[in-house]
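Results of the structural survey
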Amino acid sequence: MNAERDVLTTQQAAKLLGLSTTSVQKMVINGELDAWITPGGHRRIFRSSVEQLLNARNVGLAGVTSARPLRILLVEDDAVQIAFFKSLLARIGHTVQLTIVNEANQALTHVRAMIPDLVVTDLVMEPMDGFTLIQALAQEPDLKGLNIIALSAMSPQEMEGDTRLPQQVVRYQKPLSADRLCGYLDALTVHLLGRASVDGR
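Let me begin by describing the structure that accompanies this report. (Residues numbered from 1 in each chain as written. Predicted model: local features only at pLDDT ≥ 70, side-chain atom pairs only at ≥ 80, totals over all residues. Heavy atoms only, no water.)

Description of the sheet that holds strand E7 (residues 148–152)
Think of a sheet as strands paired side by side through backbone hydrogen bonds, with each pair either parallel or antiparallel. Operational definition: Two strands pair if DSSP finds at least two bridges between them. Per the convention used, a helix needs a DSSP run of H or I reaching at least four residues, while a strand needs a run of E reaching at least two, with both numbered from the N terminus. Angles run from 0 to 180 degrees between N-to-C directions of axes, and those axes are lines fitted to C-alpha atoms, restricted for helices to the stretch in contact. Contacts were defined at the residue level, with two residues in contact if any of their heavy atoms lie within 4.5 Å.
Strand order in the open sheet made by the five strands is E5-E4-E6-E7-E8, with parallel pairing throughout. Edge strands, defined here as strands with exactly one partner in the open sheet, are strand E5 (96–101) and strand E8 (170–173). Along the sheet, successive strands turn relative to each other by an average axial angle of 20 degrees, direction set aside. Note that strand E4 (residues 70–75) and strand E6 (residues 118–122) share four bridges and pair parallel. By the bridge assignment for E6, isoleucine 72 is matched with leucine 118. Lying on the sheet, helix H6 (residues 104–114) is in contact with E4, E5 and E6; it crosses E4 at an angle near 165 degrees. Packing of helix H7 (residues 130–138) onto the sheet brings it into contact with E4, E6 and E7, and relative to E6 it is tilted by some 150 degrees.

Next comes the structure, spelled out in structure tokens:
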């Protein structure tokens, strides 16, 4: 094994993935990329781990369920934010099946019907807000483990301190960056591919 060819610096991995070095560092910390620390304190990321992410991005969710795209339910009542989210998806290149719901109370029915891979919801909506939607989803036994991203104009500190959101909900501040969305979808795709592989054994 050629150690120099089989590992990458954080900067090299970021360039290959089209992400910022900060996003790659977070992916290492979260265990989404396999890496080790040199005696000098520098991260070295296994090339195979980066290539796995790239392959997953290129093939989408082929093999998960009949080569279907990633199913995303966006719950948003602002037309500008909807257009912005669509533009982010177009920029990062993931193959997705996007369903848009303008009211949180309608989202419950859609989630039960389609069982999306990911729910992305605004928190400030009327008459039912995103907090109430997330709490309602948490009460559904069949939706245990549902992946949820909550979007808000609140500061990260305010969002982290808000006890109305379950701990497993990912909190992102508006405007959502392409780096963050891309990194999340990469990790989600690899997770679903891995789960499908285990289920298929």
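A few points about helix H2 (residues 10–17)
We apply this condition: When a residue's accessible area, from a 1.4 Å probe over protein chains only, is under 20% of the maximum for its type it is buried; when over 50% it is exposed; and in between it is partly exposed. This arc describes the spread of directions from the helix axis toward the C-beta atoms.
For H2, the set of buried residues is Thr10, Ala13, Ala14 and Leu17. Projected onto a plane normal to the axis of H2, the buried residues spread over an arc of 100 degrees and lie on a single side. Looking at H2, the residues exposed on the side facing more than 90 degrees away from the buried face are Gln11 and Lys15. A positive backbone phi angle near 70 degrees is found at glycine 18, which sits one or two residues after H2.

Things to note about the side chain of lysine 174
Let me state the cut-off plainly: For this analysis, a polar contact is any N or O atom pair within 3.5 Å, provided that within protein one partner can donate a hydrogen and the other can accept it, and provided that sequence-adjacent residues contribute only side-chain to side-chain pairs.
With respect to the secondary-structure elements, lysine 174 resides in the loop between E8 and helix H9 (178–199). Separated by 3.4 Å, the side chains of lysine 174 and glutamate 76 make a polar contact. Here the side chain of lysine 174 touches aspartate 122 through a polar contact of 3.2 Å, side chain to side chain. Residues contacting lysine 174, with those up to four places away along its chain left out, are Glu76, Gln81, Asp122, Leu151, Ser152 and Ala153.

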